[in-house]
Amino acid sequence: MYAIVETGGKQYQMEEGRYVDVELLEADVDSKISFDKIVMLVNGKKSKIGQPYVSGASVEGTVLRHGKAKKVIVYKQRPKKGYRVKQGHRQQFTRVMISKIRTSAKKSAAKEESAESAE
């Protein structure tokens, strides 16, 4: 089972027990984080597609570290003019370990309410 999650203006495929590098997030290292913008949940025939997001679904994870990606070189040149510009850029990212993919918050809330009412 995996989920397609939207964060930082991009979409990422997330699976339990794996890490993913996303756009830089304002979160401390070893803190818990939750993604609520789930575009699609894939689980065989129980797959769900959001319009635009799957309601009640979320992905939980832990921030492992912050870092910078490899350098990307941007080079511009105009032929026969002597114009050359070379720039480099390193994109910042946050590495998140995915711990849990919740398909629906309503089911767990309904179970808790039924357990409380039974007591």
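Let's talk about the overall build of the protein chain
A tally of helices and strands in the protein chain yields one helix and ten strands. The proportion of buried residues among the 119 residues of the protein chain is 28%. Taking as baseline every contact in the protein chain between residues at least 6 positions apart, the subset at least 24 positions apart corresponds to 64%. Surface exposure of the protein chain reaches about 8900 Å², of which carbon and sulfur atoms provide 48%.

Considering the sheet that holds strand 4 (residues 32-35)
Backbone-to-backbone hydrogen bonds join strands into a sheet, with any given pair of strands oriented parallel or antiparallel. Read from one edge to the other, the open sheet built from four strands follows the order 3-10-7-4, with strand pairing classed as antiparallel. The open sheet has two free edges, formed respectively by strand 3 (19-23) and strand 4, since each of these has just one partner strand. In this sheet, neighbouring strand axes are inclined to one another by 45 degrees on average, regardless of whether the strands run parallel or antiparallel. As defined by bridge partners, strand 3 adjoins strand 10 (residues 92-102) across five bridges and the pair is classed as antiparallel. Across the sheet, valine 20 pairs through a bridge with valine 96, a residue of strand 10.

What to know about the sheet that holds strand 1 (residues 2-7)
Here we have four strands laid out as an open sheet, ordered 2-1-5-6, and antiparallel in their pairing. For this open sheet the edge positions go to strand 2 (10-15) and strand 6 (48-49), each flanked by a neighbour on one side alone. Across six bridges, the pairing between strand 1 and strand 2 is antiparallel. Across the sheet, the residue bridging to isoleucine 4 is glutamine 13, located in strand 2.

Topic: the nonpolar core
By size, the foremost hydrophobic cluster in this structure holds 19 residues, and its most contacted members are Met14, Phe35, Ile38 and Val59. Secondary structure elements with two or more residues in this core: strand 1, strand 2, strand 3, strand 4, strand 5 (38-42), strand 7 (58-68) and strand 10. Take this core: its biggest share by element is three residues, from strand 10. Beyond its immediate sequence surroundings of up to four residues, phenylalanine 35 is in contact with Val5, Thr7, Met14, Leu25, Ser58, Val59 and Val96.

Section: the side chain of threonine 94
Along the polypeptide, threonine 94 turns up in strand 10. Classification of threonine 94 by relative accessible area gives buried; the value is 0%. The residues contacting threonine 94, other than those within four sequence positions of it, are Val20, Asp21, Val22, Glu23, Leu24, Leu25, Val63, Arg65 and His66.

Quick notes on the rules
- Residues numbered from 1 in each chain as written.
- Predicted model: local features only at pLDDT ≥ 70, side-chain atom pairs only at ≥ 80, totals over all residues.
- Heavy atoms only, no water.
- Helix = DSSP H or I, 4+ residues; strand = E, 2+ residues; numbered from the N terminus.
- Buried < 20%, exposed > 50% of the residue type's maximum accessible area, 1.4 Å probe, protein only.
- Contact = heavy atoms within 4.5 Å.
- Areas by Shrake-Rupley, 256 points an atom, 1.4 Å probe, with all protein chains shown as cover.
- Pairing = 2+ DSSP bridges.
- Axes fitted to C-alpha atoms, helices over the stretch in contact; angles between N-to-C directions.
- Core = buried A, V, L, I, M, F, W, Y, C linked by side-chain atoms within 4.5 Å.

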